[in-house]
Amino acid sequence: MDYKHLLLLCVSFFGFQADALKLEYASMLIPAELTEQANAVVRFNEENYTVKSQNFLSVKTFTAITILNEYGLRNLNTQRAYSPTTRISRIEAKVYDKMGNQIRVFKKKDFKDVSLADGFSVFSDDRVLYLNYTPISYPFTMVMECEYHTTNTAQMPRWTALSGYFVSTQKDVVNITYPDNVGFGYKELNFDKKFDIVKQQSTGTLSYTAQNIAALKGEESSPEFYKMAPMVSFRLDKFSLEGVDGQATTWQEFGKWYHDKLLTGTDELPEATKIKVRQLIGDEKDKVAIARKIYQYVQDRTRYVSIQVGIGGYKPMKAADVDRLGYGDCKALSNYMRALLAVADIPSYFTLVYAGSNSRRNFLTDFVTPQGNHAILAMPHENGYIWLECTNQMIPFGFQGMFTDGREVLVIKPEGGEIVKTKNFIDKSNSRVLSGSYAIGADSGITGIVKAVSSGARYDEIYETERLSPKDIEKYYKDDFQHISSLKIDGIEFRNDKNNIEFIENLKLSAPRYGSTSGGRIMFAVNAFNLFSDSPKRYRARQNSFEVKRGFYERDEISISIPDGFAIEALPSDSSIKSKFGEYEAQVVRNGANALIYKRTLLMKDGAYPNSDYEEYRQFCEQVAKFDSAKAVISKL
Amino acid sequence: MIKTYWLPIYAMCMLIVTQASAQNFNPGKVTVEQLNQKQHPADTSAAAAILFKKGITRFEYKPGEGFIMVTDCSQRIKIYKKEGYRLANTSIPFYTGRDNEKVSIEDACTYNLVDGKIEKTKLKREGEFIEKTNKFWSRKKITMPAVKEGSIVEYSYRITSPYFQNFPDWTFQETIPVDYVEYQTGIPEYMTYRPHMKGWISPQVTSKSVRQKHSGKTRVKNVRTGNMEDDYYNIEFAEHIKSYVLHDVPALTDEGYVNNISNYTSSISHELATTNFSDTGIKNYASNWESVAKTIYDNTDFGA
C-alpha cells in the first residue's frame with residue numbers, strides 16, 4: 001500500500017468528524033503527470049447548459065481548481081459577468097487548504113460588484129461580480145458554484161477542456177440540453193487524439209467528458225491558445241441577441257438578418273450634411289478619389305468614443321447622431337462612413353472582424369454565429385474591396401494595417417452576408433529599404449546619413465512616430481540604434497506619403513566611438529544601421545508548433561568611407577543563407593582604396609511550422625544576427 | 001509732478017489688464033484667438049492644454065439641515081492635436097453611501113471656429129452617464145460633442161457632499177500644460193482641516209476671514225404636537241477663506257524611476273481634524289496613525 005492510499009484510509013476513517021473536510025480536494029491526490037508542468041489543475045469542472053427556448057438559456061457551473069503556486073493564481077477565475085439580459089441567481093465559493101480542509105466560504109454578498117470597465121469604453125452596461133482572494137499558502141483549492149440565466153442565445157458559452165497554458169485538467173464535463181425546435185448545432189475544435197475526451201449524444205442532449213489532460217507548455221511563438229486547446233462551440237439556428245430574435249443557418253441568412261434588424265434605418269443623414277458632402281465631391285468623378293475625400297472628412301470631424309448599452313453593443317448608433325455629436329464607436333463610425341458614401345452613390349458594406357495586431361484571427365467560417373470584436377467598412381473596388389478602418393483618425397485611406405489584415409471577415413450586404421478574406425500584408429509587402437552612407441574617422445567615430453522607406457506592416461509600425469514629441473522621437477531612435485553607444489541624432493526629417501502608403505525617414509547620425517581601436521587598428525561592424533536582434537529562446541525539447549506571425553523584407557545599401565592614411569586589412573566574407581524561414585544575403589565590396597559598399601537583404605517569411613522545425617528556425621535567426629554583426633578591420637599605414 | 005500725474009493712469013492700466021485677464025478665465029468667454037491658436041505657446045508638443053481651471057470648496061448653510069459641502073469647478077481645455085481627444089471625455093467620481101454625494105454638470109459646451117465664426121455645441125443628456133463603479137463609488141462621465149483639432153471644450157460641475165471628510169483633492173498640475181489654475185477653500189470656524197501640499201511647484205496663497213450671517217425663519221415640524229411651526233434662526237460665524245493661484249504650470253509627464261507620479265504632482269488635500277458644533281461639541285477625527293489604524297480596523301470593508 002502506498003502512502004497515498006494509506007492517507008486516504010486514515011482520513012476517511014477520521015474524516016467524518018470534520019464536516020468541512022473534502023478529501024477529494026487534497027492537492028497531494030493529484031496524479032503526478034498532471035502536476036509535472038502545471039501551475040494549476042482543474043480538479044473537477046462541470047458546466048450544465050439548458051436551452052429552454054430561443055431566448056432563454058440557464059447555466060449552472062461547478063469548478064474546483066487547485067492552484068499549485070503563485071504563477072497559477074492568474075488561472076483562478078473568480079468572476080462572472082452580467083448585464084440587464086444576463087442575471088446571476090447564485091454564486092458562491094469555498095477555499096480548501098492542501099489537506100482538503102475548508103478554510104474560507106464566500107457568499108454572493110462577499111463578491112464585489114463592479115462595472116466591467118474594458119479600459120476604453122466611456123460607458124457600458126456590462127458588470128461583473130468577482131472575488132478578490134489573496135491566498136495565504138499554496139497549494140489551495142477553490143470551489144466555485146454559479147447559476148445564471150440569459151436571454152442571449154446568439155453567443156452561447158464555449159466549453160474548453162483546457163483553460164490555459166500550464167494548467168492541467170483532471171476532469172471536465174459539459175452537458176447541454178435543448179428543445180428540438182431551436183436548431184441546435186455544435187463544433188469541435190482541436191480534438192487531437194492525445195486528448196482523452198468522450199462524447200455522448202442522444203435526442204436533445206449532448207455531453208463531453210475530458211479526463212487527465214496534462215497541461216500544455218507555453219512556449220515562445222506558439223500559436224494562440226484557442227488554436228491548441230480542445231473545445232466545443234455551440235449554436236442555435238433560432239437565436240436571440242439582446243432582445244432581437246433571429247434565425248440563420250447560412251452566412252447569407254445571418255447577414256440579411258443583421259442588415260435588416262440592426263443596420264436598416266441607421267444610415268439617414270440630415271440634408272445639410274448631404275449638401276456638404278456634394279460640395280466636397282465637386283466635379284470629382286473617380287469613385288476612389290471621392291471616397292478618399294469623404295474618408296478625410298470623417299477623420300477630421302469624428303473621434304472614437306465607445307458606448308455599449310444593450311443591443312447598442314451590436315447595432316450602430318444612428319449616422320445622424322454621429323454627424324451631430326462627432327463621435328462614435330467602430331460600428332457607429334463605419335456606419336457613418338457608409339451613409340456618407342451612399343450620398344455619393346458609392347456602395348459599401350458594414351463588416352465584422354476579429355481585430356488585433358498580434359494575430360490574424362479568422363471567423364469560424366462554418367459556424368454561423370455573431371463573431372468578431374470590431375467593425376470596419378468594405379468598399380467594392382474592381383474585383384475586390386477597399387477596406388476602411390474608421391476609428392483611426394491618422395491612418396491613410398484604404399490602409400488597414402496589421403489590425404485587421406489577412407483574415408476572414410463577414411461582409412454584410414443588404415441581400416446577405418459573405419465571408420471574405422481581407423488584404424494580407426505578408427513577406428515582401430512589409431518592406432523597409434535603407435540607403436545611405438557613413439564615414440568612419442581615425443578616432444573610430446562615425447558620421448552618417450540614412451534614408452529608410454517603410455511600407456506595409458512596417459509602415460504601420462512607424463507612421464505614428466512623426467506625431468511624437470521631439471524628446472520621444474530622440475528616445476525612439478536611441479532605442480532603435482542602441483548598439484551604437486553615445487549616439488547623437490543631428491537631424492530628423494519625416495515624410496508620410498499617405499497616397500502611396502510609404503513612410504520615409506531621413507536621419508543624420510554621429511557617434512564618437514563606433515569602432516574599437518587597438519595598436520593603430522580600428523575594428524568596426526560594417527552593418528551600422530540595421531542589426532537583426534531577434535533571438536528565439538532555446539528549448540531542449542520544443543513541444544508546440546510555432547508561427548512566424550509577421551514576415552518582412554529588408555534591403556540595405558550603405559556606402560562607407562574610411563579615413564585617409566588607413567588601409568583595409570580585413571573584410572567579412574560574403575554571407576548567404578536560404579531556408580524555408582527566409583533568405584539572407586550580405587556582402588561588402590571595395591569601392592576604391594578608401595571606400596566600401598555594404599549590401600544586405602533579409603526576407604523573413606510568414607509561416608506556421610511543426611515543433612521539429614523550431615531548432616532550425618532558431619539557428620537561422622542566430623546566423624542572421626551573427627552575420628549582421630560581422631566586423632571589418634582597417635589599419636594605419 | 002510727473003510721478004503723481006502718471007500714477008492714476010498706471011493704476012487704471014493695471015486695472016484694465018487685471019480685468020482683461022480675469023475675464024479670460026470666466027466660462028463662456030471663448031475668443032477667436034484662442035480657437036485659432038495652433039499650438040501651445042510654451043509647450044509646442046502639447047496635445048492639449050488647460051486654459052483655466054477654477055474651483056472652490058465651501059460649506060453652505062441650509063436652514064433646518066445644517067452645513068453641506070459644495071465644490072464648484074470649471075475648466076476650459078484647448079485641444080491642439082488628435083492625441084488630445086481623450087481630454088474631451090471626463091469622469092468625476094462621487095461617493096454613494098447612506099447619503100449620496102451629488103454631481104451635476106452645469107454648463108458644458110464645445111467651441112469650434114467654423115468659417116471664422118464661433119460655433120457652440122452644447123452637451124446634452126445623451127453625452128452624460130453614471131457608472132456605478134462599486135458599492136461605494138459611482139462616476140459621472142461626460143463625453144463632449146463635436147470635438148476636432150482646435151476645439152475648445154468647457155465644462156462646469158458641482159459636487160455636493162454631506163461627508164465632510166471627503167474634502168476633494170485638488171491638483172494644480174496635469175499631464176498637459178495649465179495656463180491658469182485657482183482653488184479656493186471657505187471653511188467655517190466650526191471645522192478644522194489640515195491642508196497637505198504636494199509637488200515641486202507651490203501656488204501663491206492668500207487668506208482672509210469674513211463674517212457670515214444667516215438669519216430668517218424656516219418651517220419645521222414640532223415633534224411634540226406634530227404641527228408645522230416657524231423656527232427662527234440666526235447664526236453668525238467666521239469663514240476662513242484661502243485661495244491658491246498658479247500661472248503657467250508645465251505638463252508633468254511620467255518618466256523612468258518614478259514610482260508614482262502623483263507624489264510629484266502639485267496638489268493639495270485636506271484632512272478633517274476636528275469639528276466643533278454647538279450641539280455635538282468638539283469631535284476629533286483621524287489625528288495620528290494609531291487612530292487611523294483603529295478606523296481602518298473597525299471598517300469591515302477595508303481591503304476587502
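Now for a look at the structure at hand. Just so it is clear, the structure is predicted and the values come from calculations on it, not from any experiment.

To continue, consider the overall build of chain A. On a plain count of helices and strands, chain A comes out with 11 helices and 39 strands. When its C-alpha atoms are laid out on the principal axes, chain A stretches across 95 × 80 × 40 Å. Buried residues in chain A amount to 52% of all 637 residues. Taking all contacts inside chain A whose residues are at least 6 apart in sequence as the whole, residues at least 24 apart take part in 72%. The average position of the 80 basic charges and that of the 79 acidic charges among the side chains of chain A differ by 2 Å.

Turning our attention to the overall build of chain B. Per the secondary structure count, chain B includes 3 helices and 15 strands. Along the three orthogonal principal directions, the C-alpha set of chain B runs to about 70 × 65 × 45 Å. Across the 304 residues of chain B, 40% fall into the buried class. The contacts of chain B with a sequence gap of at least 6 include a subset with a gap of at least 24, amounting to 75%. Total accessible area on chain B is roughly 18,100 Å²; 53% of this is exposed by carbon and sulfur atoms.

Right, let's talk about the sheet that holds strand E39 (residues 631-636) of chain A for a bit. All names here are of chain A. Taken together, 4 strands build an open sheet; the order of strands is E30-E31-E39-E34 and the sheet is antiparallel. Of all the strands in the sheet, just strand E30 (516-518) and strand E34 (566-570) have a single pairing partner and so form its edges. Neighbour-to-neighbour, the strand axes of this sheet turn through a mean angle of 30°, independent of strand direction. Direction of pairing for E34 relative to E39: antiparallel, over a ladder of 4 bridges. Each residue of the ladder has a partner; that of Ala570, found in E39, is Val633.

On the side of chain A, 25 residues touch chain B, which itself brings 27 residues to the contact. In total, chain B and chain A occlude about 2,100 Å² of area from one another, counting both sides; carbon and sulfur atoms represent 48% of this. A per-residue breakdown of the area chain B buries against chain A is headed by B:Lys82, B:Glu126 and B:Phe129, which together make up 24% of the total. Run the count over chain B and chain A and you get 4 salt bridges. Where A:Arg467 meets B:Glu83, a salt bridge forms, and the shortest distance between an N and an O atom there is 2.6 Å. In this assembly, chain B and chain A are joined by 12 residue pairs in polar contact (both at pLDDT 80 or more). Elements with a contribution of two residues or more to the side of chain B that touches chain A: strand E6 (128-132) and strand E7 (137-143) of chain B. Ranked by residue count, the leading element in the side of chain B that touches chain A is E6(B), at 4 residues.

This part takes up the side chain of B:Thr185. For B:Thr185, the location among the structural elements is in strand E10 (residues 178-188). What B:Thr185 contacts, discounting residues up to four positions off in sequence, is B:Thr57, B:Phe167, B:His240, B:Ile241, B:Lys242, B:Tyr244 and B:His270.

Here we take up the sheet that holds E7(B). Residues and elements named next belong to chain B. A sheet is described by the order of its strands in space; here 3 strands give the open sequence E3-E7-E6, paired in antiparallel fashion. The two strands at the open ends of the sheet, each matched to only one other strand, are strand E3 (89-95) and E6. Within the sheet, the average angular offset between the axes of one strand and its neighbour, ignoring direction, is 20°. With 7 bridges joining them, E3 and E7 adopt antiparallel strand pairing. When the sheet's bridge partners are listed, Phe94 is paired in E7 with Ser138.

Quick notes on the rules
Residues numbered from 1 in each chain as written. Chains lettered and ligands numbered in written order. Predicted model: local features only at pLDDT ≥ 70, side-chain atom pairs only at ≥ 80, totals over all residues. Heavy atoms only, no water. Helix = DSSP H or I, 4+ residues; strand = E, 2+ residues; numbered from the N terminus. Buried < 20%, exposed > 50% of the residue type's maximum accessible area, 1.4 Å probe, protein only. Contact = heavy atoms within 4.5 Å. Lys, Arg positive; Asp, Glu negative; His and termini not counted. Charge placed at Lys NZ, Arg CZ, Asp CG, Glu CD. Areas by Shrake-Rupley, 256 points an atom, 1.4 Å probe, with all protein chains shown as cover. Pairing = 2+ DSSP bridges. Axes fitted to C-alpha atoms, helices over the stretch in contact; angles between N-to-C directions. Buried area = accessible area lost by both parts, 1.4 Å probe. Salt bridge = Lys/Arg side-chain N within 4 Å of Asp/Glu carboxyl O. Polar contact = N/O pair within 3.5 Å; in protein donor to acceptor, adjacent residues only side chain to side chain.

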